[in-house]
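A structural walkthrough
Residues per chain are reported as follows:
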Amino acid sequence: MSETILSADPAIAPGELRAFAGHFATGVAVVTTTHPDGQFHGVTINAVTSLSLTPPLFLICLDHRSNTLGALLASRHFGLHFLAREQTEISRVFASKQEDKFAAVPHRPGRHGSPLIEGVVAAAECSVSEICPGGDHTIIIGAVDQVHVFGGEPLLYHRGAYAALERERMVA
Ligand SMILES: Cc1cc2nc3c(=O)[nH]c(=O)nc-3n(C[C@H](O)[C@H](O)[C@H](O)COP(=O)(O)O)c2cc1C
């Protein structure tokens, strides 16, 4: 196994930090919300963490440049979806800045009005509990009001590319 030392400088460049962060394999999530003006918003993220069981809390991080961030802070509710292996196109749509991201994405209304995307492996409906500063991102802690667990193979993200699970028996 080779080691590449990218920087010994305390001010790590964004590209270097991306290279480091990209080695942490994640799932792919889409956060949706409805602005009080009625417009749907959604964003692909992988900065998502299970935070607490009692009370049930999840944490997401949104870039200050995200249009979804303002809508979510105004609505105080969001849907959190874990994408299925075959949903790379949905991930691309919600990672874009295109106008109507929901036009070709099957969805239904959730209990708080946030659109819920169909075909995902799991989804949660959340209410904003805390908002914390986090550099150029905002950390949003969501109280989980309801979960929907469908199952299936998840979509993964690793080193800037989509990936799928290759299951093998691991020693615990
Ligand atoms: C795999 C992947 C993970 C991403 N993770 C995040 C994230 O955790 N937080 C974030 O703010 N943006 C993340 N992005 C970038 C947003 O999806 C992108 O900036 C999007 O255009 C924002 O849309 P909006 O401005 O409509 O909210 C990610 C993109 C991809 C492809």
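In case you missed it, the structure is sitting above this.
Residues numbered from 1 in each chain as written. Predicted model: local features only at pLDDT ≥ 70, side-chain atom pairs only at ≥ 80, totals over all residues.

Observations concerning the environment of Thr 68
Looking at where Thr 68 falls in the secondary structure, it is placed in helix α2 (residues 67-75). Note on Thr 68: 23 C-beta atoms within 10 Å, which makes it buried. Considered as a pair, Thr 68 and Gly 42 are 26 residues apart in the sequence and their alpha carbons are 5.8 Å apart. Once residues lying within four places of it in the same chain are set aside, the contact partners of Thr 68 are Val 31, Thr 33, His 41, Gly 42, Val 43 and Leu 62. (Helix = DSSP H or I, 4+ residues; strand = E, 2+ residues; numbered from the N terminus. Buried ≥ 20, exposed ≤ 12 C-beta atoms within 10 Å, placed from the backbone. Contact = placed C-beta atoms within 7 Å.)

Overview of the nonpolar core
Counting residues in each nonpolar core, the largest one holds 29 residues, and the members touching the most others are Ala 29, Val 30, Val 31, Ile 60, Leu 80 and Leu 83. If sequence neighbours within four positions are ignored, Ile 60 has contacts with Val 31, Ile 45, Ala 47, Val 48, Leu 80, Ile 140 and Gly 142. (Core = buried A, V, L, I, M, F, W, Y, C linked by C-beta atoms within 7 Å.)

Details of the sheet that holds strand β10 (residues 137-149)
Strand order in the open sheet formed by 7 strands is β3-β2-β6-β9-β10-β5-β4, with antiparallel pairing between adjacent strands. With partners counted over all chains shown, the strands left at the sheet margins are β3 (40-45) and β4 (48-52), one partner each. With direction set aside, neighbouring strand axes in the sheet form an average angle of 35°. By the bridge criterion, 6 bridges tie strand β6 (residues 77-82) to strand β9 (residues 122-134) in an arrangement that is antiparallel. The partner of His 77 across the bridge, within β9, is Ser 127. (Pairing = 2+ DSSP bridges. Axes fitted to C-alpha atoms, helices over the stretch in contact; angles between N-to-C directions.)

Things to note about unusual backbone geometry
Here Thr 54 and Pro 55 are connected by a cis peptide whose omega angle stands at 5°. The phi dihedral of Arg 76 is positive, around 70°, even though this residue is not glycine. Of the residues examined, Arg 76 has 15 C-beta atoms within 10 Å and is grouped as partly exposed. At Arg 159, a position not held by glycine, the phi torsion is positive, near 50°. You can see Arg 159 is positioned in the loop between β11 (155-158) and β12 (161-164). When the 12 C-beta atoms within 10 Å are taken as the criterion, Arg 159 is described as exposed.

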